[in-house]
Every structure is written in C-alpha cells, then in structure tokens.
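Survey of secondary and tertiary structure
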Amino acid sequence: EGQKTAWDFVQSISRPVQIIGVGITEAGFASFDTPAMKHLLQLLKILFSKKGNDDRKICIINMDNVPNNGDTIRSHLLKLAATENENLVNFIQNNIACLNTMVDRITSARPDSDGLIPCGEPLPSKALVILDPDHDLPPSFLDPAMRSMGVVVRSTREQLDADVALKLRIANGTHTAVAHPLALQKILMTDYLALPSSNKLWMESYLESLVQHQIFSAAIPLFGKEETQAAWEDWKSRLTHPHFGLSTFFITQNGAAKAGIRWGPTITELILNQKSINVAMVYAYSSLARWLVPQRQSEDNKGVFVGWLDLSSVSAEEKEKGEVVTYADGLRYNLEAGWYEFKCACQINGKPVSAWLQEVSGSQPSDYYNILRDYMVSPAGGNLQAISSKPAFETFVHAVTTLVARMVAGDALHQIMLMEEIQNRQGVYVDGFDTDCGVLVDSSK
C-alpha cells in the first residue's frame, strides 16, 4: 500500500524531475537485484513512461557513505534494466546521472526522540559533497547559499577523494582515538570533551598532539594546508560542542577494522617519509587494542567477546549485578558490574585476534608482540603491510605492546594520560604526547 502511494505520487508530478535522493546502504548495494535497487528502478520506469523531462539529466544522489556509491548505483541499475528491455537501459545511460557523494552523518539526537530529532549542533561545513564532473546538477547547486548549508560540489574525483580521506583521517580518526579510552573509563558520551575540566587533557594535550604532529604531518603534503586545517577546525568545533555528544560505546563498533581504515594511511605515510610516530598515536592504538582483549567469550551470543572496563575485575558473582544496556547490534555493557560486549571480525590464522589476545591476557609485553604485529599488518586489521619491513614499524609495534601490557595488567588509562612526565614534559617525555614512541619500548624485548 505504501509503495502504491509513492508510485502514484511520482506519477502525479507535473514538473520535470531533476534530483532523486536515496539512502542506500551497504545492504542495498550487496547485489544488483536487492529491494533497494528494484525500488529505484521502478521509480525510473515511471519517469521513463512519462518522458516529461527536459534535456537535463536526472541526478541520483545517495546519502550514505558507501565508497563510489554513484558508480555502483549506475552499474546495478544497468544490470537490472537489462533483464527488462533495451529502451530502459538506453534511458538510464542517456538520461540518468548517478553521482558519487560523501556525506557527514555524524550527528547526535535529542533525548527521548528515538534518534529522529538531531540536537542543535553546528552544521558541518561539508555535510554533503557531490562529484559532478559533467555539470549535470541544476545550476542552483552552485549558489553560495548552498555552500553555506554544507553542500559542496566537486568537479574532479581527486577533490572528492581528498574530502573522503580528510574525513576519515581527521573526524573519524579522532573519534576513534577518544571513543575506546572514554568507554573503557565508563564515560558514556563524547560531550565529556566539551567540559572545561576535561578539555585541557583530552583536547589541548592529547588530540592536538595526535592531529598536529601525526595527522597533519601525513595529510598536508597530500591535500594541502588550507583544506587539512579547515577540516580539523570544523570538526573540533563540533567535537567540543555541548550538544554534540555521541555514545562512546556506539563509536567503538568494528574497532578492529577502524584502526586500518582511520589510522592506517596516517601511520603508513609517516613511516614511509621517515617521520616520527609519537606517544599520542601509540596511546590511541593501545587503547583500541586493550578494548579487543576479552576476559571471556559470551556464553549466549556466538562470536561475541566480553571485556572488562578500566579498574574493574569481573567475577562470576558480580557479572549480573547492575543495569545491562544495549548499545548497538545486540551488544551490551554493564557499568556497575564492569563488563562490555564486542565483536572482532579480524581473523589471524583461522580465529579472531581477540581469541588470541585472550590467551595471553596479563602476560609480558613480549608475549603480545606476534599477535599484535599480525593484527597490524592484516588488511582486516591495522592494514600496515606496506611498512612491515621498516625498522620504525617494529619500534611502533613494540611501543604498542608495552602500553597494552600495562593497561591489561591494571594501569588505569586515565592515570597513563595524566603521567606527570608527559603533562610536564619531563624525563624522557621531553615533548609530552609529541615525544617519539621509542621511549615506550620495553627494554626487555
């Protein structure tokens, strides 16, 4: 009934259709004949039957961050149309422009709105980036008013690729860098970063070091100083806004893969160009690895691991006390009992990396070396295989294993951040979080 109403509405449109906005996710792109693609083709068949459009093409704009989404939509539509008739194929080839896009959907929701109403946070400067190499979009998209609303039109694939890379490295990369340590410390929302009491440590000391001396050092030579710095300033204003709080546990999803997607390019560029990996990057990486160290596997959910929160020791008697909260995809946490659930899709020698980490939990740094090194070079993990033969990579691995072992053994993540030597730039930490990660390497390796 709902579909019929929609198709009747499309049939009733009297003016030429210029834009079709869709929200097709990875599931909708799984094959050319998914329900999402069939529904889109049905819409195009109605427009084809009307033949009421002017000479301009109809532009399909996807609102989900699937790489090369426009190219994939076009390919799937043509395959699906070929199963019906050649005229429909020709209509798509000649009258439809499937544009690649990047969207910024990182947004918080008002309490008690079931995720439907966003908070009054700053508008992203690149809320929607559209690649339009053949100038198929209506001229109104080039109006300065559209730019002020976060709509950016690019003419070359290189420009869009740069936008995507900067979002992954800066916005997504710093989000992951704070999510795991915050969640492990039982801090539920990222609006914690907006508090004056936490801004100095988390933003000015930790994240600024990560961004200025790691992400910028790798990104500016590739994407230019102006675009790179603007991306950080825009994201920082949102990250520290009191109405931008997102669930730290929600952000930790798929953490094993995010290290490679969000930090891998930065680390690779730094080491290939003989630039230092600093303590801030090691802290971020180690916090993620610490998240992946389980205490046990779930008795109820296959493929789900159970970890313990910072300064917690979960006994069989304690694991059921307190409130159990579901944070995403059936995964849960219990702050009072001190446990959380997570999944690990990265496989090493036939089983998840977390299963291997469980076997050495609480051991010496050297015992973590082979597992974490294999994880770091895995395409499904750290994705650092391009630098695996570099001495600087070995130093980085040893630094991470040293810090992970400390975290697993019980050193509080917050206390590591607050180390007097780091904050006061004393002893070997002469540059604080900017100090070369070699100072963390355990001498007994």
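See the structure above.
The structure reproduced in this document is the subject of the present report.

**A word on the pattern of salt bridges**
Enumeration according to the criterion identifies 16 salt bridges in this entry. For the salt bridge of K45 with E84, the shortest nitrogen-to-oxygen distance reads 2.9 Å. Placement of K45 in helix α2 (residues 35-50) and of E84 in the loop between α3 (69-82) and α4 (86-95) is noted, with a sequence separation of 39 residues between them. We classify E84 as partly exposed; its relative accessible area is 41%. Note that K236 is salt-bridged to E233, the shortest N-O span being 3.6 Å. Of this pair, K236 and E233 both sit in helix α8 (residues 225-239), separated by 3 residues, roughly a single helical turn.

**Quick look at the sheet that holds strand β8 (residues 304-308)**
The strands making up a sheet are joined through hydrogen bonds of the backbone, oriented either antiparallel or parallel. Spatially, the 5 strands line up as an open sheet ordered β7-β8-β11-β10-β9, and their pairing is antiparallel. What marks the edges here is a single partner per strand, and that holds for β7 (296-297) and β9 (325-328). By the bridge criterion, 2 bridges tie β7 to β8 in an arrangement that is antiparallel. Of the residues in β8, the one forming a bridge with R296 is V306.

**Focus on the pairing of strand β1 (residues 19-22)**
On β1, burial follows the alternation: I20 and V22 on one face are buried, whereas I19 and G21 on the facing-out side are not. Of the pairings in the sheet, the one linking β1 to strand β2 (residues 58-62) comprises 4 bridges and is parallel in character. Of the residues in β2, the one forming a bridge with I20 is I60.

**Remarks on helix α11 (residues 279-291)**
Between the first and last C-alpha of α11 there are 18 Å, a value that for 13 residues agrees with the 18 Å anticipated at 1.5 Å per step. Judged by how many residues are buried, α11 sits mostly within the fold: 13 of 13 residues are covered. With a side-chain oxygen positioned 3.1 Å from the backbone nitrogen of A280, the residue opening α11 is N278.

What counts as what
- Each chain carries its own residue numbering, running from 1 in the direction its sequence is written.
- Local features in this predicted model are restricted to residues of pLDDT 70 or higher, and side-chain atom pairs are both shown and tallied only at a pLDDT of 80 or more, whereas totals for entire chains, interfaces and linings draw on every residue.
- Here the side-chain values reflect all heavy atoms present in the structure, with hydrogen atoms and water set aside.
- Salt bridge, as used here: a side-chain nitrogen of Lys or Arg that lies within 4 Å of a carboxyl oxygen of Asp or Glu.
- Runs of E in the DSSP output that reach at least two residues are strands. Runs of H or I that reach at least four are helices, and both are numbered from the N terminus.
- Burial classes: relative accessible area under 20% of the type maximum marks a residue as buried, over 50% as exposed, and values in between as partly exposed (1.4 Å probe, protein chains only).
- Strand pairing is defined by DSSP finding a minimum of two bridges between the two strands.
- To estimate the expected span of a helix, subtract one from its residue number and multiply by 1.5 Å.
- Polar contacts, as used here, are pairs of N or O atoms within 3.5 Å; protein pairs need one atom able to donate a hydrogen and one able to accept it. Residues neighboring in sequence count only if both atoms are side-chain atoms.

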